[in-house]
Amino acid sequence: MIHIEQKTHTTKDGTTVIVLAPVGRLDITTAWQFRLKLQECISKLSRHVIVNLSQVNFIDSSGLTSLVAGMRDADKVKGSFRICNVHPEAKLVFEVTMMDSVFEIFETEEEALEGVPRSMAT
């Protein structure tokens, strides 16, 4: 079972952004739960999602796959999908797999929130 902290942030222009922060490992045993959580958030709460990975010290290919799936879900509904605070140990996985060029990755949650396109009015 993976623990996922969830926060709702409203930007100055009234856009709702969901911030998800999984805790622990994002691997074959937990990735599907995280995937379902992303799907649920994008379909029901907001098409703008930020994933804060500061508390994820391990990520494997199934974890990356769940992130890619979340990004695709957000793209389908013209939303945004950002990643921030990648744990140093997990960062290597993004670099080795070249996924750091696929995702929008920000150093901090604040930067990721700032990076939400202002022009996208719902």
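Please read these numbers as outputs of a predicted model, since none were measured by experiment. (Residues numbered from 1 in each chain as written. Predicted model: local features only at pLDDT ≥ 70, side-chain atom pairs only at ≥ 80, totals over all residues. Heavy atoms only, no water.)

Trainee: Hey, could you go over the packing of aromatic side chains for me, with residue numbers and the actual values?
Mentor: According to the stated counting rule, one finds 2 aromatic pairs in the structure shown. Summarising the aromatic geometry, the rings of Phe94 and Phe103 are spaced 6.0 Å apart at their centres and angled 75 degrees between planes, so their arrangement reads as edge-to-face. The residues Phe94 and Phe103 share a single accessibility class, namely buried. An aromatic cluster is defined as three or more aromatic residues linked by ring pairs; in this entry it consists of Phe81, Phe94 and Phe103. (Phe/Tyr/Trp six-rings, centres within 6.5 Å; stacked < 30°, edge-to-face > 60°. Buried < 20%, exposed > 50% of the residue type's maximum accessible area, 1.4 Å probe, protein only.)

Trainee: How would you sum up the pattern of salt bridges? Please name residues and give values.
Mentor: Side chains bearing opposite charge may pair, as long as their charged atoms lie close to each other. Summed over the entire model, instances satisfying the criterion amount to 6 salt bridges. Here Arg35 and Asp73 are joined by a salt bridge, their closest N and O atoms 2.9 Å apart. Of the two residues, Arg35 sits in helix H1 (residues 31–45) while Asp73 sits in helix H2 (residues 61–76), which places them 38 residues apart along the sequence. The exposure class of Arg35 is partly exposed, given its relative accessible area of 22%. (Salt bridge = Lys/Arg side-chain N within 4 Å of Asp/Glu carboxyl O. Helix = DSSP H or I, 4+ residues; strand = E, 2+ residues; numbered from the N terminus.)

Trainee: Describe the state of the cysteines, and please don't skip the residues or the numbers.
Mentor: Formally, a disulfide is one covalent bond, and it connects the sulfur atom of one cysteine to the sulfur atom of another. According to the stated counting rule, one finds 0 disulfides in the structure shown. Not part of a disulfide, Cys41 finds its nearest cysteine sulfur in Cys84, a span of 14 Å. A relative accessible area of 0% means that Cys41 is categorised as buried. Residue classification places Cys84 among the buried positions, given a relative accessible area of 0%. (Disulfide = S-S within 2.5 Å.)

Trainee: Quick one: what's the story with the pairing of strand S3 (residues 48–52), residue by residue and with numbers?
Mentor: Consecutive side chains along a regular strand alternate between the two faces of the sheet. Burial within S3 is extensive, with 5 of its 5 residues counted as buried. A two-sided burial pattern is seen for S3, the buried positions comprising His48, Ile50 and Asn52 on one face and Val49 and Val51 on the other. Where strand S2 (residues 16–26) meets S3, 4 bridges bridge the pair, whose relative direction is parallel. Across the sheet, the residue bridging to Val19 is Ile50, located in S3. Between the parallel pair S2 and S3, the chain is carried across by H1, and the sense of this crossover is right-handed. As judged from the 5 bridges shared by S3 and strand S5 (residues 80–84), these two strands associate in the parallel manner. For Val49, the partnering residue across the bridge sits in S5 and is Phe81. (Pairing = 2+ DSSP bridges. Right-handed = clockwise from strand over helix to strand, strands pointing away.)

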